[in-house]
Amino acid sequence: MRIIFVRHGEPNYALDCLTEEGKRQAAAAARRLRKEGITEIYTSPCGRAAETASYTARLLNLPVTTLDYMHEIAWGGEGIPWDGHPWTLGDLMLQEGFDFQGGDWRKHPYFDGNIATEYEERIGREIDAFLAGQGYRHEGLRYLCETDREKTIALFSHGGSGACALGHLMQLPFPYVCSVMPYDFTSIIILNFPVRKGKWVFPRLELFNDIAHIQGSAAGPVLQQVSEKPV
């Protein structure tokens with residue numbers, strides 16, 4: 001099974017919809033995805049993600065299922081610097097030498113009490129339940145494949161909720177993913193879960209931040225950024 005994560009197009013955040021450039025990006029992404037063999041489409045409930053998904057859905061003549069938990073995350077908490085902005089705090093933790101392999105990022109002052117951590121934990125639980133419904137049961141660091149069906153699904157979401165899902169599925173700390181794995185508007189990320197019924201399997205990163213379909217656009221590459229001033 002392949003899961004294709006697609007970030008929404010360039011947004012008007014105030015109106016929660018796509019800009020004209022974002023619409024062009026979404027149309028380009030749909031054309032790029034046309035030959036991927038997608039059979040199911042899922043989206044965040046946010047307008048900018050749902051609108052992006054609609055271009056692919058129309059092109060492939062597929063229905064769209066909304067996953068409420070993939071709503072973009074919030075962040076912040078009392079006394080947390082940079083208003084709790086995960087991308088900036090993840091970068092600061094790396095600069096400060098935090099041991100992401102041995103330390104618990106959730107207990108770090110930047111994330112203990114940060115509402116972003118609550119979102120990350122919920123998305124992890126929900127994405128596990130979603131995968132179980134697809135035939136992959138998550139136990140520890142492994143996934144038990146309980147299906148013999150090969151398929152490709154697309155999930156349209158956001159920089160934050162997508163990073164939560166990717167970090168959980170790949171066993172990578174969320175702030176670390178925010179810092180070292182930024183991705184662009186309508187970028188395409190593919191995780192491949194081998195189909196080996198009755199066997200333990202592990203997701204493989206097949207593709208990351210594919211933006212060939214929007215290179216040369218008016219907006220240019222727009223990766224998630226750390227903040228230069230408090231947000």
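Our structure is the block above this text.
Attention here is on the structure that accompanies the text. Computed from a predicted model, the values in this text were never measured in an experiment. (Residues numbered from 1 in each chain as written. Predicted model: local features only at pLDDT ≥ 70, side-chain atom pairs only at ≥ 80, totals over all residues. Heavy atoms only, no water.)

Brief notes about unusual backbone geometry
Thought 1: Even without being glycine, D83 reaches a positive phi, approximately 55°.
Thought 2: Tracing the chain through its elements places D83 in the loop between β5 (64-66) and α3 (86-95).
Thought 3: For N209, which is not glycine, the phi dihedral falls at a positive 50°.
Thought 4: Locating N209 in the fold gives a position in strand β11 (residues 204-210). (Helix = DSSP H or I, 4+ residues; strand = E, 2+ residues; numbered from the N terminus.)

Here's the deal with the packing of aromatic side chains
Thought 1: Within the structure shown, the criterion is met by ten aromatic pairs.
Thought 2: A ring pair is formed by Y136 and F193, whose centres lie 5.4 Å apart and whose planes are at 55°; its orientation type is tilted. Of the two residues, Y136 is situated in strand β6 (residues 136-139) and F193 in the loop between β9 (188-192) and β10 (200-201); the sequence distance between them amounts to 57 residues.
Thought 3: What makes Y136 buried here is its relative accessible area of 0%.
Thought 4: Ring centres 5.3 Å apart and planes at 85° place the aromatic pair Y143 and F193 in the edge-to-face group. (Phe/Tyr/Trp six-rings, centres within 6.5 Å; stacked < 30°, edge-to-face > 60°. Buried < 20%, exposed > 50% of the residue type's maximum accessible area, 1.4 Å probe, protein only.)

Things to note about helix α1 (residues 20-33)
Thought 1: Taking 1.5 Å of rise per residue, the 14 residues of α1 would be expected to cover 20 Å, and the 20 Å separating its terminal C-alpha atoms lies within 8% of that figure.
Thought 2: Inspection of α1 places E21, G22, Q25, A26, A27, A28, A29, A30 and L33 among the buried residues, and these make up the whole buried set.
Thought 3: For α1, the secondary structure elements touched by its buried residues are β1 (2-7), β3 (17-18), β4 (38-43), α2 (47-60), β8 (152-157) and β9. (Expected span 1.5 Å × (residues − 1). Contact = heavy atoms within 4.5 Å.)

Examining the environment of G102
Thought 1: By the element assignment, G102 lies in the loop between α3 and α4 (115-134).
Thought 2: Put simply, G102 and T117 are 15 residues apart on the chain and 18 Å apart in space, counted from C-alpha to C-alpha.

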